[in-house]
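Structural characterization, general
Here's the letter readout for the chains.
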Amino acid sequence: MDPGQKSAGVGKRSCPIELNLAPADNFWTTERDGAVRLHTEETGPASEPPVTTHQMLWDAAQRFGNRPAMAVKRDRQWKTISYLQYYQACRAAAKSFLKLGLERFRSVGILGANAPEWFIGHIGAIMAGGTPAGIYPTSTADTCRYVAINSEANILLVDDHHQLEKILQVQDQLPHLKAIVQYNDELKEKRPNLYTWEEFMQLGSEIPDSELDDIMTSQHANQCCTLIYTSGTTGTPKGVMLSHDNVTWGPKMFSKYSGLQESDIFLSYLSLSHAAAQYFDIWLPMCIGGTTYFADKDALKGSLVDTLKEVRPTVFFGVPRIWEKIQETLVDLKFKPSSMQRSITTSAGDPRLASNLNHLNCSGSVRPGHSMADFGVLKKMQAAVGLDRSVQRYTSAAPIAKETQEYFLGMNLPITDIFGMSECSGSHTIHVANDYHLTSCGKTVPGCQTRILMPDENGNGELCIRGRHVFMGYLNMVEETKKALDEEGWLHTGDIGKLDQDGFLYITGRIKELVITSGGKNIPPVPIENALKTEVPIISNAVLVGDKRKFLSMLITLKCTTDPKTQRPGDDLTPDAIRLCQQLGSRATRVSEVVKSKDPAIYKAIQEGLDRVNQRAAFNAQRVKKWTILEKDLSIDGGELGPTMKLKRPVILKKYEKIIDEFYMEGRSPQGKKQRPLTQRSKGLKSKL
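From a predicted model like this one, the values you see are computed outputs, not experimental measurements.

This part is about the side chain of Asp 159. Summarising the element assignment, Asp 159 is placed in the loop between β5 (153-158) and α5 (161-170). A distance of 3.3 Å separates a polar atom in the side chain of Asp 159 from the backbone nitrogen of Ala 113. The residues touching Asp 159, leaving out its near neighbours within four places in the chain, are Leu 111, Gly 112, Ala 113, Gln 182, Tyr 183, Asn 184 and Lys 297.

Here we have 4 strands laid out as an open sheet, ordered β2-β1-β11-β10, and mixed in their pairing. Among the strands making up the open sheet, the edge pair consists of β2 (77-82) and β10 (265-268). Along the sheet, successive strands turn relative to each other by an average axial angle of 25 degrees, direction set aside. In this sheet, strand β11 (residues 291-294) lies alongside β10 in parallel orientation, the contact comprising 4 bridges. Across the sheet, residue Ile 265 finds its bridge partner in β11, namely Thr 291. Contacts from helix α2 (residues 83-99) reach β1 (68-74) and β2, with the element oriented near 75 degrees to β2. Packing against the sheet, helix α9 (residues 275-288) makes contact with β10 and β11, and its axis sits at approximately 165 degrees to β10.

Turning our eyes to something else, we now look at the sheet that holds strand β27 (residues 552-558). Read across the open sheet, the 3 strands follow the order β26-β27-β30; overall the sheet is mixed. On the outer flanks of this sheet lie β26 (539-545) and β30 (624-629), each paired with one strand and no other. Averaged over all pairs of adjacent strands, the angle between their axes in this sheet comes to 25 degrees, without regard to strand direction. Examined bridge by bridge, β27 and β30 share 5 bridges and lie parallel to one another. In the strand pairing of β30, Met 554 is matched with Trp 627. Here helix α17 (residues 525-535) sits on the sheet in contact with β26, β27 and β30, set at roughly 145 degrees to β26. Packing of helix α20 (residues 600-615) onto the sheet brings it into contact with β27 and β30, and relative to β30 it is tilted by some 150 degrees.

Further remarks concern the nonpolar core. In this structure, Tyr 86, Phe 97 and Phe 316 are the most contacted members of the largest nonpolar core, which totals 118 residues. Residue contributions to this core peak at 11 residues, all from α9. Among the nonpolar cores identified, the runner-up in size contains 34 residues, and Leu 558, Ala 577, Val 591 and Val 594 belong to it.

Here is what the cut-offs are and how they apply
- Residues numbered from 1 in each chain as written.
- Predicted model: local features only at pLDDT ≥ 70, side-chain atom pairs only at ≥ 80, totals over all residues.
- Heavy atoms only, no water.
- Helix = DSSP H or I, 4+ residues; strand = E, 2+ residues; numbered from the N terminus.
- Polar contact = N/O pair within 3.5 Å; in protein donor to acceptor, adjacent residues only side chain to side chain.
- Contact = heavy atoms within 4.5 Å.
- Pairing = 2+ DSSP bridges.
- Axes fitted to C-alpha atoms, helices over the stretch in contact; angles between N-to-C directions.
- Core = buried A, V, L, I, M, F, W, Y, C linked by side-chain atoms within 4.5 Å.
- Buried < 20%, exposed > 50% of the residue type's maximum accessible area, 1.4 Å probe, protein only.

What follows is the structure, encoded as structure tokens:
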């Protein structure tokens, strides 16, 4: 059954009257039913009247009516759901939640793949007065238990039997749980208080519209409407409390100033448990009447490019690793047997990049194709990965390598890097037309504020932000909230950044990730790690080590294939990595071959690349003295990467503790042999490619 069918109609009082804000004295709270002061102003963008999420969806239903809000492939056919059907389905879900006993400010946990049911369950829970909480699909049963208990979940939505099994393992430990709903696939067994999506959507049919309307009318824009749980990269997951105003005002401002259009098409594939995915998939399209297409649930296991080619989104958001994967796909086209594909790939080279960079430096905009023939070649290349219709391309969540940005700029597909985090409900910065700086995160969204705390001589200091997009606080975590939010409502992000004279923001490090050597030198790891990956393209991940140590070392992994079902890293090198090996004079096709034989060609290339990185170091403590290649790449499944592909540094340091300790055994390398000294060399990997 389509998620929009057999749903209740719009109630007589379907849009609540003008809202009054709940009384609040402070800019933060940790109570689930608490309220906060809003950073409103008398004029300008911050003076926009606050609204609830229900009001925003109701307004979209009135404005866009039968325009498609969502599109999902069912039985190999794309089926659309209009904005009016969307709104009606959310109301029906809300009444069913009430029937199941959802209590005010208690949670509806959602564990599963992106789908219309995810959206409808999420917003329906808010309408019913609850606070939905997404759970990452890759979470263990124990993590599911933690989120369900911390959020006091009354109801859990699960995707399929695999996810259901996780909940059943811990069900007897969930004191607030009243029901489970499975929204995909048939139930393998009947259990008390376990429902299919179809059954669930009919449960509330007898609840009067007036009862739901009264609940929605009583909601305040400065109270919590949803929870975003952090990935736990640096510790225990925290429940980020977002208010109605957080999730309605921010996207409204971003869509207004970024130039998004009503006809824009979005692709939903990143986990909706992540703030950025909700921002781009749910809230931004709702502001402009755009359409969100849903990718296959296994998109990140290999089918993403196929869906991109089918949907051809006009707006596309990807974390840096996604852009790297798309780049690898385009590079692979060069070596396909088709001469057309070879001509496409080889045509997008340095001359175009140089021209675009020059144009950027002069005007801050990206130059279109230089001739009709050139334009045709670019379009074919862009179409090969489904980006030929894309107008805006975004990245966030982790640092993106300059090399990757330059590659896409050379294809006239500039990637806009924006700064955002769960705690600011989406994006804090924006690039506008003809005002684009390649390696920056853009300028502050109008109505928000940015300041750099205690800047050093180069202007680098902790990034602090303020505005109506800043979160309310961490659920039930007073001390953690006090560390993040000060009394004036400034969010201390923990990121190190600087502002240039034009107001563009640059992120240069992260305080919690700083490597502090035994000599007291503070060293941000990401620039060094990215520099080595740029110098030696066969490297997949590089992890700087050296906290409280005498010198820096590096853990390195090579690009390898992954299991299409589990996404676990394998032993086989990627086709691109094999070609790089061949160009270096190596016959290796597996990671194990490189590591066991300490392949002279590969090890030499890495050392020479590292030498070049070290030569650019500002001072001696920034130079990496030892390194090793790990036998397996890092992965989400292995616990070393978070859901957005961020390095879980504490996990990595613990997992490879023995290898790291060997770095610092006097006169020994991790392989047990004396490491050769660093020397300057004229030839390296780049010169051989």
